[in-house]
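Examining the three-dimensional arrangement
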Amino acid sequence: MLYLLDFQVEYGPNMTQTDLFSIWSKEAETALEAKKAGVVVDLWKCVGERRVIAIVNVDSPDILDQILFTLPIMKAMGQYVNVKVTSLRRYEDFAADVNQWLNEAKN
């Protein structure tokens, strides 16, 4: 199953930018390893924002939930990370359904 993950990363008043970068460096290493393994389809960093967008391919929402709660950035500072999760569907499958619905509507 494909999911779009939209991470918005903040940091608390007692955390320096260096602290944030130290944690984010560990997170980046984990993310790039997951990309090599094929779990992460692709990753993007939004310019000028503390925001990362990822497309992941996992077998179930349970597995995705387990992954999200065990990411280095979530363990270190999860209270400052907001993740929006969107389940994705292949467009080709949707287009086939639309054509089927259209044919059914005509009959």
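Scroll up a little and you will see the structure.
Below, the structure is looked at part by part. (Residues numbered from 1 in each chain as written. Predicted model: local features only at pLDDT ≥ 70, side-chain atom pairs only at ≥ 80, totals over all residues. Heavy atoms only, no water.)

What follows concerns the overall build of the chain. Within the chain, the regular secondary structure consists of 4 helices and 4 strands. Traced from its N-terminal end to its C-terminal end, the chain shows the element sequence β-α-β-β-α-α-β-α. Computed over C-alpha atoms, the radius of gyration of the chain comes to 18 Å, more than 25% over the 13 Å expected from 2.2 N^0.38 for 107 residues, which places it beyond the range of a compact globule. Taken along its principal axes, the extent of the C-alpha atoms in the chain is 65 × 25 × 25 Å. Counting over 107 residues, the chain shows a buried share of 27%. (Helix = DSSP H or I, 4+ residues; strand = E, 2+ residues; numbered from the N terminus. Rg over C-alpha atoms; globule rule 2.2 N^0.38 Å. Buried < 20%, exposed > 50% of the residue type's maximum accessible area, 1.4 Å probe, protein only.)

With that settled, consider the pairing of strand E2 (residues 40–45). Judged from the 5 bridges that link them, E2 and strand E3 (residues 51–57) form a sheet pairing that is antiparallel. Residue Asp42 lies in a different strand from E3, and its bridge partner there is Ile55. A loop of 5 residues connects E2 with E3, the two strands running antiparallel in sequence, and Gly48 in this loop sits at a positive phi of about 75°. (Pairing = 2+ DSSP bridges.)

Attention now moves to the packing of aromatic side chains. For the structure on display, the rule yields 2 aromatic pairs. Pairing Phe94 with Trp101 gives two aromatic rings, centres 6.5 Å apart and planes at 75°, and the pair type is edge-to-face. We classify Phe94 as partly exposed; its relative accessible area is 32%. With relative accessibility at 46%, the residue Trp101 sits in the partly exposed group. Within the aromatic cluster, the residues linked to one another by ring pairs are Tyr91, Phe94 and Trp101. (Phe/Tyr/Trp six-rings, centres within 6.5 Å; stacked < 30°, edge-to-face > 60°.)

With that out of the way, let us pick up the nonpolar core. Judged by nonpolar contacts, the single largest core of 21 residues is most densely connected at Leu5 and Met77. Those elements giving two or more residues to this core turn out to be strand E1 (2–9), helix H1 (17–37), E3, helix H2 (61–70) and helix H3 (72–77). (Core = buried A, V, L, I, M, F, W, Y, C linked by side-chain atoms within 4.5 Å.)

On to a nonpolar patch on the surface, then. Where nonpolar side chains cluster on the molecular surface, the patch consists of Tyr91, Phe94, Val98 and Trp101 and spans about 420 Å² of accessible area. Inspection of the secondary structure assignment puts Tyr91 in helix H4 (residues 91–106). (Patch = residues over 30% accessible without salt bridge, like charges linked within 9 Å, V, L, I, M, F, W, Y side chains within 5 Å. Areas by Shrake-Rupley, 256 points an atom, 1.4 Å probe, with all protein chains shown as cover. Salt bridge = Lys/Arg side-chain N within 4 Å of Asp/Glu carboxyl O.)

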